[in-house]
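Architecture at a glance
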Amino acid sequence: MSVVASYLKKHTEALVKDVGIEAACQLTGKSKATLGRYYSDHADHADRFMPVDAVAALEEAASHPHVTSALADLRGITLSYDDTRENSDKGGVNSDVIALSQRFAMLMAEYNQSIEDGVISVNEAKRLLRETLALQHVLIDMKLHLEEESG
């Protein structure tokens, strides 16, 4: 089995154990045996991996997105967590446009203040990064609302 396959299977096992085998069976509609095959390192199951819809269902119930994090690690991507997600459940595209303009204004104000002396310090860069990430979250929410509205 390849190193990548082994790595993914270990994280799949961690995901199932995080949720609990009984709960994982309920959430995915899979049997204990089937779930076990997804993380088995036995040669007969080397090419079996958990379907993405099952991963999504389990990660929603888990304390950590084990498989998603493993996939991100394999690509050299870092994930960040944001529990606030203020804009995701309410409003729609109109609310998103308002939030987008407000966040962009805050980013520009932060940039204006940071560049005032001609140098962006480390702390100023961190504040700019926070504002950029907040703007990115609004854009993601807007994208999801647009996809939802377009069917």
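The structure we're discussing is the one just above.
Presented here is a report on the structure given in the accompanying data block. The shown structure was predicted, so the numbers you read here are calculated from the model rather than taken from an experiment. (Residues numbered from 1 in each chain as written. Predicted model: local features only at pLDDT ≥ 70, side-chain atom pairs only at ≥ 80, totals over all residues. Heavy atoms only, no water.)

Notes on the overall build of the chain
Looking only at helices and strands, the chain features 7 helices and 0 strands. Dimensions of the chain, computed from C-alpha atoms along their principal axes, come out at roughly 65 × 35 × 25 Å. Split into buried and exposed, the 151 residues of the chain put 30% on the buried side. Element-wise, carbon and sulfur atoms account for 55% of the exposed surface of the chain, whose accessible area totals about 10000 Å². (Helix = DSSP H or I, 4+ residues; strand = E, 2+ residues; numbered from the N terminus. Buried < 20%, exposed > 50% of the residue type's maximum accessible area, 1.4 Å probe, protein only. Areas by Shrake-Rupley, 256 points an atom, 1.4 Å probe, with all protein chains shown as cover.)

A word on the packing of helix 1 (residues 3–19) against helix 3 (residues 32–39)
At a minimum axis distance of 7 Å, the contact between helix 1 and helix 3 shows a crossing angle of 145°. Residue-level contacts link Lys9, Thr12, Glu13 and Val16 of helix 1 to Arg37, Tyr38 and Tyr39 of helix 3. Partitioning the contact of helix 1 with helix 3 into residue classes produces 3 nonpolar, 1 polar and 3 charged. (Axes fitted to C-alpha atoms, helices over the stretch in contact; angles between N-to-C directions. Contact = heavy atoms within 4.5 Å. Nonpolar A, V, L, I, M, F, W, Y, C, P; charged D, E, K, R; others polar.)

As for the side chain of Glu59
By secondary structure assignment, the location of Glu59 is in helix 4 (residues 52–61). We classify Glu59 as buried; its relative accessible area is 14%. Polar side-chain contacts of Glu59 include one of 2.5 Å to the side chain of Thr68. When sequence neighbours within four positions are dropped, the list of residues in contact with Glu59 reads Leu15, Pro65, His66, Val67 and Thr68. (Polar contact = N/O pair within 3.5 Å; in protein donor to acceptor, adjacent residues only side chain to side chain.)

Topic: helix 7 (residues 122–150)
In this model helix 7 runs 42 Å from its N-terminal to its C-terminal C-alpha over 29 residues, within 8% of the 42 Å that 1.5 Å per residue would give. Within the sequence span of helix 7, burial applies to Glu124, Leu128, Glu131, Ala134, Leu135, His137, Val138, Asp141, Met142 and His145. Looking at the packing, one finds that the buried side of helix 7 touches helix 6 (93–115). (Expected span 1.5 Å × (residues − 1).)

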